[in-house]
Every structure is written in structure tokens, then in C-alpha cells.
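# Structure at a glance
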Amino acid sequence: MNDTTQATTQPMVRLEKINKYFGKLHVMQDIDLEVAPGEVVVIVGASGSGKSTLIRCVNGLEEFQSGRIEVDGNELLPDGKSGKSLQAVRTEVGMVFQQFNLFPHLSVLDNVTLAPRKVRGWSRDKALETAHRLLERVGIEDQADKYPSQLSGGQQQRVALARALAMEPRLMLFDEPTSALDPEMIGEVLDAMRELAKDGMTMMIVTHEMGFAREVADRVIFVHDGQIVEEGPPQEVLDNPRQERTQAFLSRVL
Ligand code: ADP
Ligand code: MG
């Protein structure tokens, strides 16, 4: 990309001076952030620093009190006054949580086909074809007829990923997707995410997996007490942090 195209490319995500409170707690303080199409941004920071709140704001799961958020040209406004664009954002943004949140009473296949059929209005055949392709892509097509309780945590999280991808999202959000997994299953989920990044998906990922961040992130953002304290390429932020608070955090997790 030359400078001219870069300057005219609309960001996939733009946060402008976002402030959010939980009662008296100022959980997002003047947050400015842009994410370019195809960019992989990893968000790190201590527990309680506001990472989940930040990414939940991006798909309208949390309201905020001032500022504006734009996701692929759809504008989210403060105090829940977003109107129709909220629905557009929810449809265009996929999210994978720490807890897999699969529908327990539905098979893997039904978990993956439900939203495309209900929200996108796809035919059964189209939804099934897409689901099989995505389950294959995350390496669990042989589990299609099972129920979530019959799967390992790593398999369930890959179903959750396939389910999110079935909606053909323009942006994927991940909130500690491997934190609830047994260590031996972390790799298979990170592998699927790595593939997705390679395919050019725009991703915002909260994770404590620093090896993954180093390898996959285009940019690492360090959040502390509701503020972005430091950001840059992983080699800078993780290996050569300028801020004392970043150094202190990294010395605890690395
Ligand atoms: P992180 O994901 O970095 O651990 P969170 O975004 O979950 O942090 O939380 C940031 C702060 O906001 C914490 O102090 C947390 O206790 C508080 N918080 C989060 N959600 C709520 C809520 N729904 N109501 C009140 N306080 C909340
Ligand atoms: Mg969190």
C-alpha cells in the first residue's frame, strides 16, 4: 500500500474520544482507536483494566456516554441512540467469548446454521453448505452432528468460531478465547485464529497469549485503567516497552 491509498482507506473500526462509566468508575477514558481493514490488533492489560468493555462497545454490547464509534461505516452513538446502525453492526461483527456460549440444545450443525438462516434469511441448503465448509476449515467437520456437551473445550471454541464466521462478518472480536481451555487445547484454537488472520480478516483480540500476539498481531495495544497507555508493533510494545506500566504488566505475564 502506498501512502495515498492508505490515507483514503476508510478504517474498519474508528473510536473517537469514547468515555464510558459504570456508575462512578470511568472505565473508558477518551479512547481513540482506529483499526484498518485486514489489521490484527491484540489488546493486552491487567484484569479490570477495561479490555472487555472496549471490545464489547465495538459491537454495541455496551453503551457509552460520549464519543462516537464507526464500524465499517455504521455509526454507534452514545446512550444507545444508534438506531438501525446497531443492527447492522451486530450483523457484520462476529464475536468469540471466553465461555463458548453455544446453544446446548442444538447440534453443532444447527448452532452454525441458525443465525445465517434467521438473520440473513439463507436457505437451509446454503446454510448447511457454508456450515460444513467452515467446520472443515476449523478441523471439526466430523463433529457436525454432536451436541456441545459431547465436545472438548477446544472443539466447542472452534464451533463458536465457525458459528461466528457463518455470518460472513467483516470484523471478528475475541475476548480471551483460550482462557477457559485446558492448556493442551489452546494451540488448536490459536491455529484456527492464525489461519483466519492469514486470510485477511480484520481482528481485535484480547488475549494473554503473548507468543501468539508476537507472531500474529500487526499492532499491540496496552490498556491500563481505561486508557490506552502504549501501542505499536509487537516487537516494540512486548519486547521494548517504553512505559513503566507496560513493563510492570509484562514482567508479571511473560
Ligand atoms: P478487563 O476485561 O480488562 O478485565 P472489564 O472491561 O471487564 O476489564 O472491566 C473493567 C472494569 O469495569 C472493572 O473494574 C469491572 O469490575 C468493571 N465492570 C465491568 N462490567 C461492569 C458492569 N456491568 N457493571 C459495573 N462494573 C463493571
Ligand atoms: Mg475481560
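Summarised in this report is the structure supplied together with it. Only a predicted model underlies this, so the values are computations on that prediction, with no experimental measurement involved.

What counts and what doesn't
Residues numbered from 1 in each chain as written. Chains lettered and ligands numbered in written order. Predicted model: local features only at pLDDT ≥ 70, side-chain atom pairs only at ≥ 80, totals over all residues. Heavy atoms only, no water. Helix = DSSP H or I, 4+ residues; strand = E, 2+ residues; numbered from the N terminus. Buried < 20%, exposed > 50% of the residue type's maximum accessible area, 1.4 Å probe, protein only. Contact = heavy atoms within 4.5 Å. Areas by Shrake-Rupley, 256 points an atom, 1.4 Å probe, with all protein chains shown as cover. Near = heavy atom within 4 Å. Polar contact = N/O pair within 3.5 Å; in protein donor to acceptor, adjacent residues only side chain to side chain. Nonpolar A, V, L, I, M, F, W, Y, C, P; charged D, E, K, R; others polar.

It is worth spelling out the overall build of the protein chain at this point. Across its full length, the protein chain holds 10 helices and 10 strands. With the C-alpha coordinates aligned to their principal axes, the bounding extent of the protein chain is approximately 50 × 45 × 40 Å. For the protein chain, with 254 residues in total, the buried portion stands at 51%. Counted over contacts in the protein chain with a minimum sequence separation of 6, partners at least 24 positions apart contribute 64%. Total accessible area on the protein chain stands at roughly 12,100 Å², and carbon and sulfur atoms take up 45% of it.

The next point concerns the site of ligand 1. With respect to spatial proximity, the complete set of residues near ligand 1 consists of Phe-22, Leu-25, Val-27, Ala-46, Ser-47, Gly-48, Ser-49, Gly-50, Lys-51, Ser-52 and Thr-53. Ser-52 places a polar side-chain atom, nitrogen or oxygen, 2.8 Å from an oxygen atom of ligand 1. Of all the secondary structure elements, the ones that give two or more residues to the shell around ligand 1 are strand S2 (25-35) and helix H2 (51-58). When residues of the shell around ligand 1 are assigned to their parent elements, the largest contribution, 3 residues, is made by H2. Partitioning the shell around ligand 1 into residue classes produces 4 nonpolar, 6 polar and 1 charged.

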